[in-house]
Amino acid sequence: MSAVEPALTLRGDARVRRRRIVNRLAESAATIAALAALAVLGIVIFSVAKRGGGELSWGFLTEDLPTFGQTGGGIAPLIVGSAILVGIATAIALPLGVLTALFLSEFAPRRLSAAIQLTIDLMNGLPSVIIGIFVFGLLVYGHTQSGYAGGFALSIVMLPLIARSTQEVLRLVPRAQREAALALGVSRWRIVVGIVLPSALGGILTGTVLAIARAAGETAPLLFTTSIFVNQITSDVRHAMPNIPVQIFIWSESPDPEDHKRAWASAFVLIMFVLVTSLLARLALARTRRKLSR
Amino acid sequence: MSVVPATQELTGGRRVRDWLGDRIMFGLTLVAALATVAIMVLIAYKVVRGAELSYRAFGLSFVTGSVWDVNKAVFGAAPFLFGTAVTSLMALLIAAPLGIAIGLFLSELAPRGVRVIIGALVELLAAIPSVVLGLWGILVLGPFAADHIEPPLQRAFGFLPIFSGKPGSSGIFIAGLVLAIMVVPIVASICRELFLSVPTELEEGALALGATRWEMVRGVVLSSSRPGIAAAIILGLGRAIGEAIAVTQVIGAGNSGIHASLFATGDTLASRIAGEFIGASSKLQIASLFYLAGILLVIGLLTNLLAQVIVRRFESQRVGAD
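Not measured: the values here are computed from a predicted model. (Residues numbered from 1 in each chain as written. Chains lettered and ligands numbered in written order. Predicted model: local features only at pLDDT ≥ 70, side-chain atom pairs only at ≥ 80, totals over all residues.)

Draft legend 1. Fine view of the nonpolar core. Ranked by size, the top nonpolar core spans 190 residues in total, and within it I130 and I133 of chain A together with V132, V178, V183, V187 and I273 of chain B carry the most contacts. Sequence-distant contacts of V187 of chain B, that is, excluding residues within four places in its chain, are made with A95, A96, G99, I100, A232, I233 and G236 of chain B. (Core = buried A, V, L, I, M, F, W, Y, C linked by C-beta atoms within 7 Å. Buried ≥ 20, exposed ≤ 12 C-beta atoms within 10 Å, placed from the backbone. Contact = placed C-beta atoms within 7 Å.)

Shown next, in the form of C-alpha cells:
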C-alpha cells in the first residue's frame with residue numbers, strides 16, 4: 001500500500017513532471033506546425049498581393065495582350081479565354097459527374113459500384129500532365145490546338161471532383177424519405193427527380209463551384225492543348241484559346257522583369273478568384289451539410 | 001369515393017410512363033458511369049500507344065537508360081526517375097510530420113472555433129494553383145533559400161554529399177520545398193478526419209486512467225490510425241510525384257544527370273514532359289516523352305491504388321470495431 005501512496009499525492013514527483021513537460025512539448029510542436037502552415041499561406045498570398053496588386057489597373061484587366069517587347073498591355077483575352085475553357089469543362093463534367101454519382105448511389109449493384117468508385121478515385125489522383133498529354137494525343141495530334149481540346153482536358157480534372165461531392169450530398173439525403181416515397185408506390189425516376197435531386201441541388205452546385213475553382217488554376221492540362229494563342233480576345237473554340245494559367249507559366253519562365261510583373265498581376269487575379277470562390281463554396285457546403293444531416 | 005376510379009383509370013398510362021422513366025434514368029446514369037470508366041481506359045491506351053515507337057527502339061532498358069540526348073536520338077528515363085524520387089522523398093520528409101502534427105492540432109488540441117477557421121485556411125493552402133506557387137517559388141522562395149537556407153545547411157552539414165555543391169535559387173532543393181507545401185494540406189486534412197473518427201470512449205478512457213494528452217494521442221489516436229496515416233502519406237506522395245508545373249518552374253531543368261547534390265538543378269518525369277513536349281520535334285522524341293508519361297502513369301496509379309486499398313480495408317475495420 002505504501003508504494004501506491006506517493007502516486008496519489010498531488011505534488012507530483014519527477015516522473016510526473018517529466019510526463020507533463022513531454023506533453024507540453026508535443027502540444028507546442030503541433031501548434032507550431034499549424035502556425036507554420038498558416039504562415040506559408042500568408043506569405044504566399046502577401047507576396048502575390050504585394051507584387052501583383054500594384055500592377056493591377058483597369059487597363060490591365062481590359063486591354064489585349066502585349067506583343068513581344070511592347071510595354072503595357074492587359075490580360076482581357078486571358079480572362080475571357082479561361083472563362084470559356086472552364087465553361088466548356090463544366091458543360092461536360094457537370095452532367096457526366098452528377099449522372100455517374102446518381103448511378104452509384106441509386107442504381108448500381110455493389111460490385112460494379114465498387115469498381116466505378118475506384119475508377120473515380122484513381123482519376124482524381126491522375127497527374128494532370130498526363131491528362132494534358134492524353135488530350136494532345138486524342139484531339140490535337142494531327143489537328144491543331146483548340147479551345148475544345150483544352151476544355152475537355154479540364155473536364156477530366158473536374159469530373160471526379162463533381163462526382164465525389166455529388167455522391168457525398170446524395171448520401172446525406174435521408175433514406176427514410178426515399179423509402180417513404182417507394183412505399184407510396186412512387187417510381188424510382190420520380191424519386192430521383194422529385195426528391196433526391198432537389199434536396200441535393202445546393203450541395204451539387206457548391207461542389208461544382210469548388211471544381212471550377214480548381215480547374216481555373218490548372219496549367220498542365222492546357223499546356224499542350226491550348227498554349228499557342230493570339231493576343232486578342234477570341235471566342236473561337238476551334239483554335240487555341242488564351243488562358244490565365246498557361247500565360248503565367250510562360251511569363252514566369254521569361255527572363256524579362258516586365259513579364260514577371262505581368263505574371264504577378266495575373267497571379268493576383270487568379271488567386272483572388274480561386275481563394276474567394278473556394279472559400280465561399282466551402283462555407284455554403286458546410287451549411288448544406290448541417291441542413292441535410294439535421 | 002369518386003376519386004378512386006379516376007386514379008385507377010390513370011394507372012395504365014402512368015405505369016407505362018414510370019416503366020419508361022425508370023429505364024431512361026437507369027440507362028442515362030449507366031452510360032455516364034461507363035463513359036467515366038471509358039475515359040480512364042482511353043487515357044491509359046493513348047499514353048501506351050503514343051510511347052510505342054520509343055518502346056520499339058529502346059524496350060524496357062529505357063527505364064534504366066541514363067542518357068537523354070535529343071541530338072543523338074538516345075533516350076532514357078533514369079535521370080528523371082531519380083529526380084522524381086529525390087524531390088518527392090524530400091517533400092514527404094518535411095510534409096509528413098508537419099501534416100500529421102497539424103491533423104492532431106485540428107482534431108485534438110484546438111478549441112472548436114479556432115479549429116474551423118484554421119482547418120479552412122489549411123485547405124486554402126491546397127487551393128493555391130500550382131502555377132502561382134511555382135511563380136512564388138522561383139521569384140521569392142528560391143532567392144531567399146539560396147541566401148538564407150542553403151548556406152547555413154551547407155555550413156552545418158557540408159560533409160554530407162547531399163549538401164555539397166553551390167547553393168542556387170533553382171534546383172532540386174527548392175522543388176522539394178515547393179512540393180512539401182503542396183503535400184502538407186493533403187496529409188493534414190486526411191489525418192484530421194482520421195483522428196476525429198477515433199472513438200471518443202477510447203480517448204476518454206485513456207485520459208481517465210491518468211494519461212496526459214500526448215500519451216493519449218500516442219497510445220490511442222496514433223496507434224489506432226496507423227494504416228490511415230500511411231494512406232494519407234501515400235496520397236501525398238502521389239501528388240508530389242505527379243506535379244509538373246511548379247516543379248518545372250523551380251527545378252532548373254539543366255543538369256539532369258544522377259548526382260548527390262540537392263542544390264544542383266535536375267528534372268522529374270513530370271517536369272521533363274511539361275518542359276520539353278511543346279518544343280519536341282522528332283517522332284522518337286515525342287514517343288519517348290509519352291514513354292515517360294507511361295512510367296509516370298504506372299507509378300501514379302500504383303501509389304493511388306495502394307492508398308485506396310489501405311483506406312478501404314481500414315474503413316471497414318474501423319466501422320466493424322464501432
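Draft legend 2. Highlighting the domain arrangement of chain B. All names here are of chain B. The assigned domain composition of chain B is domain 1 (3-60) and domain 2 (79-321). Computed over C-alpha atoms only, the centres of domain 1 and domain 2 are separated by 36 Å. At the interface, 10 residues of domain 1 touch nine residues of domain 2. Residues of the side of domain 1 that touches domain 2, tallied by class, amount to seven nonpolar, two polar and one charged. (Domains from an automatic or database assignment. Nonpolar A, V, L, I, M, F, W, Y, C, P; charged D, E, K, R; others polar.)

Draft legend 3. The environment of H143 of chain A, seen in detail. Note that H143 of chain A resides in the loop between helix 6 (128-140) and helix 7 (147-172). Along the backbone, H143 of chain A and R178 of chain A are 35 residues apart, and their C-alpha atoms lie at a distance of 49 Å. (Helix = DSSP H or I, 4+ residues; strand = E, 2+ residues; numbered from the N terminus.)

Draft legend 4. Spotlight on the packing of helix 11 (residues 244-253) of chain A against helix 4 (residues 130-148) of chain B. Interhelical geometry of helix 11 of chain A versus helix 4 of chain B gives an angle of 15 degrees and a closest axis separation of 9 Å. In terms of axis orientation, helix 11 of chain A runs roughly parallel to helix 4 of chain B. When the axes of helix 11 of chain A and helix 4 of chain B are compared, the crossing they make is left-handed. From helix 11 of chain A, P245, I248, F249 and S252 of chain A reach across to helix 4 of chain B, where they touch V131, V132, G134, L135 and I138 of chain B. (Axes fitted to C-alpha atoms, helices over the stretch in contact; angles between N-to-C directions. Parallel < 35°, antiparallel > 145°, perpendicular 65-115°, else oblique. Left-handed = near helix turned anticlockwise from the far one by under 90°.)

Draft legend 5. The interface of chain B and chain A, seen in detail. The interface of chain B with chain A comprises 71 residues on the first partner and 71 residues on the second. Ranked by residues supplied to the side of chain B that touches chain A, first place goes to helix 1 (residues 3-58) of chain B with 19 residues. Among the residues making up the side of chain B that touches chain A, the classes are represented as 52 nonpolar, 13 polar and six charged.

Draft legend 6. Region of the structure containing the domain arrangement of chain A. Residue and element names in this part refer to chain A. According to the domain assignment, chain A consists of domain 1 (11-53) and domain 2 (60-293). At the junction of the two partners, domain 1 supplies six residues and domain 2 supplies five residues. Within the side of domain 1 that touches domain 2, the residues separate by chemical class into three nonpolar, two polar and one charged.

Draft legend 7. Region of interest: the confidence of the model for chain A. This prediction gives chain A a mean pLDDT of 88; 95% of its residues lie at or above 70. Taken element by element, chain A is modelled with least confidence in helix 1 (residues 5-8) of chain A, mean pLDDT 52, and with most confidence in helix 4 (residues 76-107) of chain A, mean pLDDT 94. (pLDDT = per-residue confidence, 0-100.)

Draft legend 8. Here's a closer look at the packing of helix 5 (residues 110-124) of chain A against helix 7 of chain A. Residues and elements named next belong to chain A. Across the interface, helix 5 lies against helix 7 with an axial gap of 8 Å and an inter-helix angle of 130 degrees. Classed by the angle they form, the pair helix 5 and helix 7 counts as oblique. Here helix 5 runs over helix 7; the crossing is left-handed. Contacts between helix 5 and helix 7 pair I120, M123 and N124 from the former with L159, P160, L161, A163 and R164 from the latter.

Draft legend 9. How the structure looks around the environment of V98 of chain A. If you trace the backbone, V98 of chain A turns up in helix 4. Sequence spacing of V98 of chain A and P160 of chain A is 62 residues, and the spatial spacing of their C-alpha atoms is 9.9 Å.

Draft legend 10. How the structure looks around helix 8 (residues 175-183) of chain A. Within helix 8 of chain A, only zero of the nine residues are buried, leaving the element largely exposed. Once helix 8 of chain A finishes, G185 of chain A follows within two positions and takes phi at roughly 85 degrees, a positive value.

Draft legend 11. Layout of unusual backbone geometry. All names here are of chain B. Positive phi values are uncommon outside glycine, yet A73 reaches one of about 55 degrees. The residue A73 is located in the loop between helix 1 and helix 2 (78-109) in this model. Of the residues examined, A73 has 11 C-beta atoms within 10 Å and is grouped as exposed.

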